[in-house]
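# Observations on the model geometry
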Amino acid sequence: MPLTRRNFVKQSGLALSVTVAGKTLCLTPRQAYAQGVAFTNLSQVEVDTLEAICERLLPGAREEGVAQFVDKQLALDPNDSLLFLKCFNVEPPYLAFYRSALAEIVRLSEATYSRAVADLDEASATRLIESLRDGTTEDWNGPPPPLVYHALRNDAVDVVYGTMEGFADLGIPFLAHIEPPAVT
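For clarity, every value in this text was computed on a predicted model and none was experimentally measured.

### Details of the confidence of the model for the protein
Model confidence for the protein is summarised by a mean pLDDT of 85, while 79% of its residues fall at 70 or above. Helix H1 (residues 5–12) is the least confidently modelled element of the protein, averaging 43 in pLDDT, while helix H3 (residues 44–57) averages 98, the highest of any element. This model gives residues 5–13 a pLDDT under 50, and the stretch forms 26 contacts once residues within four places in sequence are excluded.

### Focus: helix H7 (residues 145–161)
Spanning 17 residues, H7 covers 24 Å between terminal C-alpha atoms, matching the ideal 24 Å at 1.5 Å per step. With respect to burial, H7 is a largely interior element, twelve of its 17 residues being buried.

### Thoughts on helix H5 (residues 94–113)
End to end, H5 covers 28 Å across 20 residues, agreeing with the expected 28 Å (1.5 Å per residue, within 8%). Within the span of H5, buried status applies to Tyr-94, Leu-95, Phe-97, Tyr-98, Ala-101, Leu-102, Glu-104, Ile-105, Leu-108, Ser-109 and Tyr-113. Each element contacted by the buried residues of H5 is listed here: H3, helix H4 (66–75), helix H6 (122–134) and H7. Ser-114 sits one or two positions beyond H5 and adopts a positive phi of about 55°.

### A look at unusual backbone geometry
With an omega of 5°, the peptide bond running from Pro-92 to Pro-93 counts as cis. A positive phi angle is found at Asn-89, which is not glycine, with a value near 60°. Tracing the backbone shows Asn-89 in the loop between H4 and H5. Positive phi outside glycine occurs at Asp-139, with the angle close to 55°. Tracing the backbone shows Asp-139 in the loop between H6 and H7.

Cut-offs and rules
Residues numbered from 1 in each chain as written. Predicted model: local features only at pLDDT ≥ 70, side-chain atom pairs only at ≥ 80, totals over all residues. Heavy atoms only, no water. pLDDT = per-residue confidence, 0-100. Helix = DSSP H or I, 4+ residues; strand = E, 2+ residues; numbered from the N terminus. Contact = heavy atoms within 4.5 Å. Expected span 1.5 Å × (residues − 1). Buried < 20%, exposed > 50% of the residue type's maximum accessible area, 1.4 Å probe, protein only.

Structure (structure tokens):
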């Protein structure tokens, strides 16, 4: 079976292979978040912004390890990446997309609300997200805002609901042909 986004999600429950202190571990994004696994591609500001936006889009995304998932996927060959961005035919490297998008979100939040995304109140965060979704951002110099919105929303959905537990939370039977191995 070829490694596709769908097959990987079905078979592995979004397991990540990470190296910590010289040891290779297989962790879920949630486990990587809980263990504070270091980021290799995203800066702390990018992580904070990604987590804040995704948490507003889908509560629980931060603790499910959305930033760990994205960071790890950015380290892979683009052909092996499971980022939803690939479905939009965005040219690799995907890191350039995320860097540009997250920098513009930071700039927009600071310019409009004089605060970091993580510090926005509910109403301000909602307006910022709606401006991305609707493409009504002003002086935007990054990838198309609706594309940014959809990519980040789908990253959040993948880590929250793209597992057997996520399916159970939705009350949907997980009907994989082959059950994914348990990650310990």
